[in-house]
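Analysis of the macromolecular model
Here are the chains, one letter per residue:
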Amino acid sequence: MSSCLQEGDDSIFRTLFAAYPDALLVVDASGCIVLANPAAADLLGYAVEQLTGLGVDELVPDAIRPSHAAYRAAYARAPRVRPMGTQMELVAKRRDGSEVLVEIALSPLKEHGLPYTVAAIRGIATYPRVRQALQRARYSEQLAQFGRLAVDSRDTDALMQEAPRVVAEALEVDVAVIYLCDAGVSDLRIAGGVGLLWGDAVGDRVSGAPGTPQGFVLAQTDPVTIDDFRLESRFQVPQPLFNAGLTSGVAVPLVDRRRPVGVVFACSRAQRTFGDEELRFLESLANLMMTTLQRISSEEQLSHQRQLESIGQLTGGIAHDFNNLLTVISGNLQVMEDAPAIASDALLQQMLGAAARATTRGAELTSKLLAFSRRQVLQPSRIDTPALLQSLTGMLRRTLDQHIGIEVEFSPHCPDCLADSSQLESALLNIAINARDAMPDGGTLSFGCRLANPPEALRADLNPTGYLAISVADTGFGMPEEVKQRAFEPFFTTKKSGRGTGLGLSTVYGFAKQSRGGITLESTEGKGTTVTLYLPLAQEATPQPDDADDSLTPDHVPPGLRVLLVEDDVEVRAIVTRFLESLRCKVTTCMTAEQSLPLLA
């Protein structure tokens, strides 16, 4: 080539060739590179001397190399000036195997008497428009991958591990952290992270105060960008962040039903300005995370509800049969107690008394099982809840340890609820006893009632009327997650042998459900427990007719009263018949409701 140029011109052209900002390759007819400029070396990842002598096919991705060889042969037969890559996507293969989007302009030198072609190659990934499109594509791909995991996953911890990785990879940042709030706790918990600062670990608690970066985002409830932590004045930047060399950051809140429950935070050591694209990506990821967490939580609660329903059906059947056995035993004991041969025998009377007390305890146990399975007999009435709480807490102040303080709080004009008064008082007493046991060294027991909507997971089973929330909170040990999940199961207890039957909370659960309400339990280890009953509001009372028959009272059964007794258990039917006849009733018996209908007519 130099033979066709003057010596000075050759030097100028070589200087221009080397300084040209786009990649330039001079290729001979066989496809071998004879000259390459430094820009080509930078773009393709080679040294200049490594490109010289290299076949141009080595710069083509393996998948399209055969078709490229055919194209090059056709071009060699009819070379012409041709731009490439403006209407189609061209990709060059770099030395490390990665690929780069390019535009190529081919210029044959045949007209100048030279058997070469100049290929001018421009990497278009640096174009603002292309860079933005590639960025959007990367964000969309990362969101799609996380979305596929979210759809299939039932594991919250796995999602919390994957989300920071997606953030770090998509935004190309050094640190990505997910902070979550726990119910009733002001601090935040590190739920997942990539590149966590020294001293931080997943599961650790950090401050959620507004003066901290994460607390500021939580309080703002809006996305926050930080161009330079050194110039930040909205919150106090912790020293470990400076020690790690982090310079800029971006964060978005995690929002559950308009309530901030966490923060996604990303930080970079490079000086960066995070724009709308990054914020949209983080907000989309945050929305996807919250939707998935809500679904997992609802599925877990529904599964737990179904499990309790199944246990309730089984327990109710057992309790019903056991109750029949106790009825027969208790009834026969009473008959024997009145028999002349036994009435005069003190030892037998003592033995009958012990047996009768045992059946009474068995009946109490059965009653609790029936309460859990929602088969107990309730007598709902309008209840002045504040008055009931004042009465109950007055009794508790006299009986509980003096180291336990009792607080009562209710809103003015608190409406009445509809429930069985004695069973409600028993349920609140059960909860209070559990709270006392959780505070052996003292603490605070708080009662409250207010108008409130039950959580979403409970509403499917409830009536569409208003609800009164009655809460009992303590400052005791709290419960680990595995205990909290089983708290309402019958016979489940963490107390020492002989200290509890495990039927306290299960009966409260059954009472709430049978009262057409619901119950929730929130607890954190070391922070205490809150149990909330949701009971339907009382409707306007229906006037009772004035001519209601009140002649029948428990103390007066008129002789000859006709009684229709329906009972499927033969022995229960026999003992009840015996008692009714002892009251001089005329008893007609049948086994089923179908058999009783003609008798009623």
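As a reminder, the structure under discussion sits directly above these lines.
Residues numbered from 1 in each chain as written. Predicted model: local features only at pLDDT ≥ 70, side-chain atom pairs only at ≥ 80, totals over all residues. Heavy atoms only, no water.

Let us look at the packing of aromatic side chains. Tallying each qualifying case throughout the model produces 2 aromatic pairs. On the basis of an interplanar angle of 45 degrees and a centroid distance of 5.4 Å, the ring pair of Phe216 and Phe235 is categorised as tilted. Of the two residues, Phe216 sits in helix 7 (residues 213–220) while Phe235 sits in the loop between strand 10 (224–226) and helix 8 (239–243), which places them 19 residues apart along the sequence. Across the pair, exposure class does not vary: Phe216 and Phe235 are buried alike. (Phe/Tyr/Trp six-rings, centres within 6.5 Å; stacked < 30°, edge-to-face > 60°. Helix = DSSP H or I, 4+ residues; strand = E, 2+ residues; numbered from the N terminus. Buried < 20%, exposed > 50% of the residue type's maximum accessible area, 1.4 Å probe, protein only.)

Glancing now at the pattern of salt bridges. In the structure shown here, the tally under the stated rule is 14 salt bridges. Linking Asp437 and Arg436 is a salt bridge whose minimum nitrogen-to-oxygen distance equals 2.9 Å. Taken together, the salt bridges that share partners define one network made up of Asp62, Arg65 and Lys93. (Salt bridge = Lys/Arg side-chain N within 4 Å of Asp/Glu carboxyl O.)

Among the 8 residues that make up strand 17 (residues 467–474), 8 are buried, leaving the element largely enclosed by the rest of the structure. Residues Tyr467, Ala469, Ser471 and Ala473 of strand 17 are buried on one face, and the alternating residues Leu468, Ile470, Val472 and Asp474, pointing to the opposite face, are buried as well. As paired strands, strand 17 and strand 19 (residues 528–536) are joined by 8 bridges and run antiparallel to one another. Residue Ala473 lies in a different strand from strand 19, and its bridge partner there is Thr530. (Pairing = 2+ DSSP bridges.)

Next up on the list: helix 6 (residues 156–171). For an α-helix the count is 3.6 residues per turn, leaving residues at separations of three or four pointing the same way. The end-to-end C-alpha distance of helix 6 is 23 Å, a good match for the 22 Å that 16 residues give at a rise of 1.5 Å each. All of the buried residues along helix 6 are Leu159, Met160, Ala163, Pro164, Val166, Val167, Ala168, Ala170 and Leu171. Of the residues trailing helix 6, Glu172 is marked for its positive phi of about 55 degrees. (Expected span 1.5 Å × (residues − 1).)

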